Amino acid sequence: MASNLVRIPFPQLRRVDGTLDLDLPNDIVSAVRPSSLHTALQWLRKNYPLDEDAAILARIEREEQEEERKLIQRAEDLGLYKPQSGSYGAELGESNNPYGRSILEETRQQNEAQILAEEEKRRQEWLEGEQRDREKLQRMVEKNTALQKYEETAALEVRERADPAQRPFLAWIQKHHLRATEMDLDVSQISTRRRLLPSLATTIVVLGLCYVFAENYEPPAKSDRMWPTVPPAAATVLAIMGANVGVFAMWRFWPPAWRMLNRYFITVFGAPRVSSLLGNIFSHQTFPHLGFNMLSLWVVGTRLHDDIGRGNFLAFYMASGVFASFCSLTVNVLKGKLMLSALGASGAIAGIVGAFCNLHSDDKLTIPFLPAEWRDVICVSGSTVLAIIVIMELADLAFPTFGKRVDHWAHLSGYLFGTLWATVYKRQEKERRTKKSWFERTFQNG
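Worth saying up front: this structure is predicted, and the values here are computed from it rather than measured.

Section: the packing of helix H2 (residues 10–17) against helix H4 (residues 34–47)
The interhelical angle for the contact between H2 and H4, taken along N-to-C directions, is 60°, at an axis separation of 9 Å. Between H2 and H4, the angle falls in the class oblique. Here H2 runs over H4; the crossing is right-handed. Facing Pro11, Gln12 and Arg15 of H2, the residues of H4 in contact are Leu37, Ala40, Leu41, Leu44 and Arg45.

Regarding the pattern of salt bridges
Taken as a whole and judged by the stated rule, the model has seven salt bridges. Between Glu63 and Arg59 there is a salt bridge whose closest N-O contact spans 3.0 Å. One end of the pair, Glu63, and the other, Arg59, are both in helix H5 (residues 52–78), four residues apart, so they sit about a helical turn from each other. We classify Glu63 as partly exposed; its relative accessible area is 41%. Take Arg59: its relative accessible area is 7%, and that puts it in the buried class. One salt-bridge network, held together by shared partners, links Arg15, Arg45 and Glu52.

Here we look at helix H13 (residues 287–308)
Given a rise of 1.5 Å per residue, 22 residues ought to cover 32 Å, and the 30 Å separating the end C-alpha atoms of H13 matches this to within 8%. Of all bends in H13, the biggest is about 35°, found at Gly301. What H13 keeps buried is the set Leu290, Asn293, Met294, Ser296, Leu297, Val299, Val300, Gly301, Thr302, Leu304, His305 and Ile308. Once H13 ends, the next one or two residues include Gly309, with phi positive near 90°.

Looking at the layout of surface pockets
Approximately 490 Å³ is the volume attributed to the second largest pocket. In terms of lining residues, the second largest pocket is bounded by 16 residues, among which Tyr211, Glu215, Asn312, Trp421 and Gln428 are the most central. Looking at the lining of the second largest pocket, the elements that each hand over two or more residues are helix H9 (192–216), helix H14 (310–334) and helix H18 (408–445). In terms of residue count, the dominant contributor to the lining of the second largest pocket is H18 (seven residues). Split into classes, the residues belonging to the lining of the second largest pocket amount to eleven nonpolar, two polar and three charged.

Looking at a nonpolar patch on the surface
Residues Phe169, Trp172 and Trp254 make up a contiguous nonpolar surface patch of about 350 Å² in total accessible area. Residue Trp172 is classed as partly exposed on the basis of its relative accessible area, which comes to 30%.

Comments concerning H5
Between its terminal C-alpha atoms H5 stretches 39 Å, which fits the 39 Å expected from 27 residues at 1.5 Å a residue. Within H5, the full set of buried residues consists of Glu52, Ala55, Ile56, Arg59 and Ala75. The N-cap of H5, judged by a side-chain oxygen 3.4 Å from the amide nitrogen of Asp53 a few residues on, is Asp51.

Describing the packing of H14 against helix H15 (residues 346–359)
The N-to-C vectors of H14 and H15 enclose an angle of 120°; their axes lie 7 Å apart at closest approach. It follows from the interaxial angle that H14 and H15 lie oblique. Of the two elements, H14 crosses H15, and the hand of that crossing is right-handed. Facing Phe313, Phe316, Tyr317, Ser320, Gly321 and Ala324 of H14, the residues of H15 in contact are Gly347, Ala348, Gly351, Ile352 and Ala355.

Side note on the environment of Tyr317
Turning to its location among the elements, Tyr317 is positioned in helix H14. Tyr317 gets classed as buried once you look at its relative accessible area, which sits at 1%. The sequence separation of Tyr317 and Ile281 amounts to 36 residues, and the corresponding C-alpha distance is 9.4 Å. Sequence-distant contacts of Tyr317, defined by excluding residues within four places in its chain, comprise Ile240, Asn244, Ile281, Phe282, Leu297, Ala345, Ala348 and Ile352.

Side note on a positive patch on the surface
On the surface, a cluster of positive charge is made up of Arg179, Arg259, Arg263 and Arg273. With respect to the helices and strands, Arg179 occurs in helix H8 (residues 168–181). Look at Arg179 and you get partly exposed, because its relative accessible area is 40%.

Thresholds applied
Residues numbered from 1 in each chain as written. Predicted model: local features only at pLDDT ≥ 70, side-chain atom pairs only at ≥ 80, totals over all residues. Heavy atoms only, no water. Axes fitted to C-alpha atoms, helices over the stretch in contact; angles between N-to-C directions. Helix = DSSP H or I, 4+ residues; strand = E, 2+ residues; numbered from the N terminus. Parallel < 35°, antiparallel > 145°, perpendicular 65-115°, else oblique. Left-handed = near helix turned anticlockwise from the far one by under 90°. Contact = heavy atoms within 4.5 Å. Salt bridge = Lys/Arg side-chain N within 4 Å of Asp/Glu carboxyl O. Buried < 20%, exposed > 50% of the residue type's maximum accessible area, 1.4 Å probe, protein only. Expected span 1.5 Å × (residues − 1). Bend = angle between axes of the 7 residues up to and from the residue. 1 Å grid on protein atoms, 1.4 Å probe; cavity = no way out; pocket = protein on both sides within 12 Å on 5 of 7 lines; lining within 4 Å. Points joined across faces, edges and corners; volume = space filled by probe spheres on them. Nonpolar A, V, L, I, M, F, W, Y, C, P; charged D, E, K, R; others polar. Patch = residues over 30% accessible without salt bridge, like charges linked within 9 Å, V, L, I, M, F, W, Y side chains within 5 Å. Areas by Shrake-Rupley, 256 points an atom, 1.4 Å probe, with all protein chains shown as cover. Polar contact = N/O pair within 3.5 Å; in protein donor to acceptor, adjacent residues only side chain to side chain. Lys, Arg positive; Asp, Glu negative; His and termini not counted. Charge placed at Lys NZ, Arg CZ, Asp CG, Glu CD.

In structure tokens form, the structure reads like this:
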């Protein structure tokens, strides 16, 4: 009985150890009949299922590993084994990586930590800069008479800075705003002559170039035009409108452009840049300002373009805008309003309105959107329209109804420039027609 208790588990041990493929020991073969072992094995397979093939493969792997270990140990004992590389016994990397410690990974982690530290340093400097801005502005106000007299104190307030970690988009906008408005210049140290003479010279040069352009411009053939199916007046005015819309979009939606726009597309009377005299006539910061100017440009500009041609129109638009900008700058500088600024196409468009009304001073003008039967009733001469507009402008200048955001001097300068230009243009056209008529009579008589 004891012998059976010892021998019965034997087949099960062979199954677990994976030795079923090996021959049985001699003591088992001599003591137990093969049929009994077979019966025991069948009973175990039925009642205790086991993956005998996997057990055999596991045993073979163990034997190979053990054999390899014994061979290495024996070679080491005999002094025969030598490492095959210089990294034998080296420190393993993360998660026992056989490639060892990664210098690149450590460098990357160091760089990331350095970048995070620098970002945190810049963040702290950004947040702490608010107080420095307040102190800096206070010093500017104390030494700058123009700032002390400036009435719109809200524009001189330093706003609370947004935390880049919590409100990154607002902080990004504020950074570009500060970068665009940063100016350490003391405007009280700039003389009136220094403010006006460079701008005067620039205005004279621009007027001269506009005259040369108008005299030498030759319209392209229809086949050479970019939009041959679009009327020339519409194409010219749409191109000017597109430039204005593009600058407006940068003002509203692209903060990185604000620094450039503040330099070249707005005239600051305290520290004017000569390039802004031309750039500001394409610049608008609010949609109502842009919309009203572009509507006026389309309604009146296309009609004036048809009257005088593209070369004259483009030259006149630039000249009128620069002249109006310079006049506005001159008046405000002489009045001591150095902290104000100006932008917009209003001066150029006022010139267009003045020129159109003068060219049609005796013609009956009406509102183009009125029904046809009303146009003969609601109509006045061009000179009357211009007189009404100028009187309204002067009245609003004397008794402001729209606040101080309207540049009346640019408007009045534009009306004056347009009226004078149209007077000269009509005289030249009259002389040209007279000369042509004289040549025709002479040729016919001959």
